[in-house]
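Architecture at a glance
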Amino acid sequence: MRKATLERATTETTISVTVDLDGTGTYDCKTGVGFFDHMLEQLARHSLIDITVRAEGDLHIDDHHTVEDTGIALGQALTQALGDKRGIRRYGACLLPMDDTLVRAALDLSGRPFLVWNMDFPTAKIGTFDTELVREFFQALSTHGGITLHVDALHGINSHHIAEAGFKAVARALREAVEADPRKGDAIPSTKGTL
Ligand SMILES: [Mn+2]
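1. Focus: the nonpolar core
Grouped together as the largest cluster of nonpolar side chains are 58 residues, with contacts concentrated most on Val-19, Ile-51, Leu-74, Leu-107, Leu-109, Phe-137 and Phe-138. Among residues more than four places away in sequence, those in contact with Phe-138 are Leu-115, Trp-117, Leu-149, Gly-166, Phe-167 and Val-170.

2. Some words on the packing of helix H2 (residues 64-82) against helix H3 (residues 132-145)
Between H2 and H3, the shortest axis-to-axis distance is 7 Å and the interhelical angle comes to 25°. In terms of axis orientation, H2 runs roughly parallel to H3. Crossing handedness for the pair H2 and H3: right-handed. Side by side, H2 and H3 meet where His-64, Val-67, Glu-68, Thr-70, Gly-71, Ile-72, Leu-74, Gly-75, Gln-76, Leu-78 and Thr-79 of the first sit next to Leu-133, Glu-136, Phe-137, Ala-140, Leu-141, His-144 and Gly-145 of the second. A per-class count over the contact of H2 with H3 returns 8 nonpolar, 8 polar and 2 charged.

3. What to know about the packing of aromatic side chains
Tallied over the full model, the rule gives 6 aromatic pairs. Both rings, one in Phe-35 and one in Phe-129, keep their centres 5.1 Å apart while their planes meet at 45°; by these two values the pair is tilted. Of the two residues, Phe-35 is situated in helix H1 (residues 34-47) and Phe-129 in strand E9 (residues 129-130); the sequence distance between them amounts to 94 residues. Ring geometry for Phe-138 and Phe-167: centres 4.7 Å apart, planes at 50°, overall tilted. Separated by 29 residues along the polypeptide, Phe-138 in helix H3 and Phe-167 in helix H4 (residues 159-178) bring together distant segments of the chain.

Cut-offs applied
Residue positions within a chain follow its written sequence, with the count starting from 1. Residue-level local features of this predicted model are given only where pLDDT is at least 70; pairs of side-chain atoms are given and counted only at 80 or more, and the full residue set underlies all totals for whole chains, interfaces and linings. Side-chain descriptors were evaluated using all non-hydrogen atoms of the structure, hydrogens and water having been removed beforehand. Only buried Ala, Val, Leu, Ile, Met, Phe, Trp, Tyr and Cys residues count toward a nonpolar core, and they belong to the same one when joined by side-chain atoms within 4.5 Å. Residue exposure (1.4 Å probe, protein chains only): buried if accessible area is under 20% of the type maximum, exposed if over 50%, otherwise partly exposed. Note on contacts: a residue pair is in contact if any heavy atoms of the two residues lie within 4.5 Å. Comment: axis = line fitted to C-alpha atoms, over the contacting stretch for helices; angle = value between 0 and 180 degrees taken between N-to-C directions. Counting from the N terminus, the helices are DSSP H or I runs at least four residues long and the strands are E runs at least two residues long. Roughly parallel refers to an angle under 35 degrees, roughly antiparallel to one over 145, roughly perpendicular to one between 65 and 115, and oblique to any angle outside these ranges. In this scheme, a crossing is called left-handed if the near helix is turned counterclockwise away from the far one by less than a right angle; it is called right-handed if the turn is clockwise. Gly counts as polar in this scheme, as do all residues outside two lists: the nonpolar Ala, Val, Leu, Ile, Met, Phe, Trp, Tyr, Cys and Pro, and the charged Asp, Glu, Lys and Arg. Stacked, tilted and edge-to-face pairs are distinguished by plane angle, under 30 degrees for stacked and over 60 for edge-to-face with tilted covering the rest, among Phe, Tyr and Trp rings (Trp via its six-membered ring) whose centres lie within 6.5 Å.

Below you can see the structure in the form of C-alpha cells.
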C-alpha cells in the first residue's frame, strides 16, 4: 500500500498529513489559510493522490510557517509512501494552460532535491495570501520529497491563475511520475539500482 501518515510538531506549527499515491484525488485540507487550502485541493485533484492535511500554525504572525511546514510534511509523506520507488515512471512533465497563464512543470523523483523556479507574480498578494509563499511551499516539497523540480510560467498576467496553474502543472507531472509503469515490473527506475 503506497500510503503514509505523518505528524510534525514544532513551536510554530502542528501538522498531520496523509497521502495515498493510488487514490482518486480526494482531498480534505484545512490549514486555516483559505487560498492555500484551495491550492492543496488542486494538488490532490490533479495528481489523483488522496491528500488529507490538518495544520494549526502561528497565523497571528503570518502564513509563512504554516505553508512551508505543510510543504515539509507533504514532502516527507511522499518520500515515505514512495518507499524504494520500485516500478514507477519516475519522471513527469506537464504544460498547463489556464486562461492567460501557461505553466510548465517537469520533475524527477530522483532523491536529489533541486528547485528551478521561474514564476513571476504581478502582485505581492492574492487576497491576503503572499504570492512569495508559493515558492516556499515548492522549495519545501522538493527538499523533503527528494524531487528535482522545474517550474516555469511561460505566460501569465493574473496572480491567482499563475499560482493555480503552478499547482495543477506540478500535480499532473506528479501523477505521471508516481504511476506504475507496467513495462517496468518491479524494477527500480535507475541504472544505479537505487533512487
Ligand atoms: Mn482558483
